[in-house]
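Next come the chains, spelled out residue by residue.
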Amino acid sequence: MLAERLPPFVRDNYYCGEWHHASAVMVGDHTREWDDLMGVLSAFRLKKSYIASGGGSKTRLAASIDDYLEARGWRETRFDTKVVVDSLVTETPTHKIDMYRNKIAIEIEWNNKDPFYDRDLNNFRLLHQLRTVSVGVIITRSDELQSIFTSLGRGSSYGNSTTHLSKLIPRIEGGGAGGCPILTFGIKPSLYREDE
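These figures come from a predicted structure and were not determined experimentally.

Engineer: I'm lost on the side chain of D120 in this one. Help?
Structural biologist: Within the secondary structure, D120 sits in helix α7 (residues 115-129). Ignoring anything within four residues of it in the chain, the contact list for D120 reads E107, E109 and I138.

Okay, structure coming up:
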């Protein structure tokens, strides 16, 4: 069903994955968020300058996606969660979500160490159980981008132990997100531009 719901541009330029009917939840209950997600994916281009520059705390690639979504009311969000049994309070900290609006959580994993996927999926699982996240979305890179990184002399910066789609899928298939509906979008080489 996911392929039928995607605009042709998104379907052709991303490796798209779906678990637990995530697109049905978004199209049925979160149409504005679905439209924003399809909009940012359609507008995105992988610029050479995004690859050539280092990341620091936030890469230019992630900032470009965040800027698009922030202009539409999405925000970086951290939740204060705890379990209270009688008078005993146990903190259950969660990690911040890159972009969040109306129970839709989006993480952009471009070039972190691959355990960041575990953190994201666990966060989605916990927040879904707490009825705070309806769908978790991860935008990441496809493995095929490695040849572009290598041609630009940046191959060693984007190594096998960093976040890319083939590291994510087994974690989802293994139940890393629990029952949380998940969408994944792996950026294909067709989105690469020298710079526009």
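Engineer: Honestly, the packing of aromatic side chains in this entry has me stumped. Any pointers?
Structural biologist: Each pair of aromatic rings is reported with the distance of its centres and the angle of its planes. Enumeration over the complete set of coordinates arrives at three aromatic pairs. The interplanar angle of 25° and the centroid separation of 6.4 Å between the aromatic rings of F44 and Y50 together place this pair among those described as stacked. Geometrically, the ring pair formed by F79 and Y100 is edge-to-face, given 5.1 Å between the ring centres and 80° between the ring planes. Separated by 21 residues along the polypeptide, F79 in the loop between β3 (75-77) and β4 (82-85) and Y100 in strand β6 (residues 97-101) bring together distant segments of the chain. Y100 gets classed as buried once you look at its relative accessible area, which sits at 14%. A cation over a ring is seen here: R72 above Y68, with NZ or CZ 3.6 Å from the ring centre. The ring of Y15 carries the charged tip of K188 above its face, separated from the ring centre by 4.6 Å.

Engineer: Could you clarify how one ought to interpret the packing of α7 against helix α9 (residues 165-173) in this entry?
Structural biologist: Angle between the axes and distance between the axes are the two parameters that describe a pair of packed helices. Following both chains from N to C, one finds α7 and α9 inclined at 40°, their axes separated by 10 Å at the closest point. Comparing the axis directions of α7 and α9 gives the class oblique. The handedness of the crossing between α7 and α9 is right-handed. Counting all contacts with α7, which are made through P115, Y117, D118 and L121, the residues of α9 involved are L165, K167, L168, R171 and I172. Looking at side-chain class alone, the contact of α7 with α9 contains six nonpolar, no polar and three charged residues.

Rules used throughout
Along every chain, residues carry numbers that run from 1 in the direction the sequence is written. Selection of residues for local features in this predicted model requires a pLDDT of at least 70, selection of side-chain atom pairs for listing and counting requires 80 or more, and totals for whole chains, interfaces and linings are taken over all residues. Processing note: side-chain calculations cover all non-hydrogen atoms of the structure and skip hydrogens and water entirely. Helix and strand assignments follow DSSP, with helices taken as H or I runs no shorter than four residues and strands as E runs no shorter than two, numbered in order from the N terminus. Any two residues whose heavy atoms approach within 4.5 Å are treated as being in contact. The rule is short: rings of Phe, Tyr and Trp, with Trp giving its six-membered ring, pair when the centres are within 6.5 Å, and they are stacked under 30 degrees, edge-to-face over 60, tilted in between. Per-residue accessibility, obtained with a 1.4 Å probe over protein chains only, is compared with the maximum for each type, and a residue is labelled buried under 20%, exposed over 50%, and partly exposed between these values. For a Lys NZ or an Arg CZ to count as sitting over a ring, it must be within 6 Å of the ring centre and within 35 degrees of the ring normal. Geometry is summarised by axes, namely lines fitted to C-alpha atoms with helices restricted to the contacting stretch, and by angles between N-to-C directions that run from 0 to 180 degrees. If an angle is under 35 degrees, it is roughly parallel; if it is over 145, roughly antiparallel; if it lies from 65 to 115, roughly perpendicular; otherwise it is oblique. For any helix crossing, the convention is left-handed if the near helix is rotated counterclockwise from the far helix by under a right angle, and right-handed if that rotation is clockwise. Polarity classes work like this: nonpolar for Ala, Val, Leu, Ile, Met, Phe, Trp, Tyr, Cys and Pro, charged for Asp, Glu, Lys and Arg, and polar for all others, with Gly in that last group.

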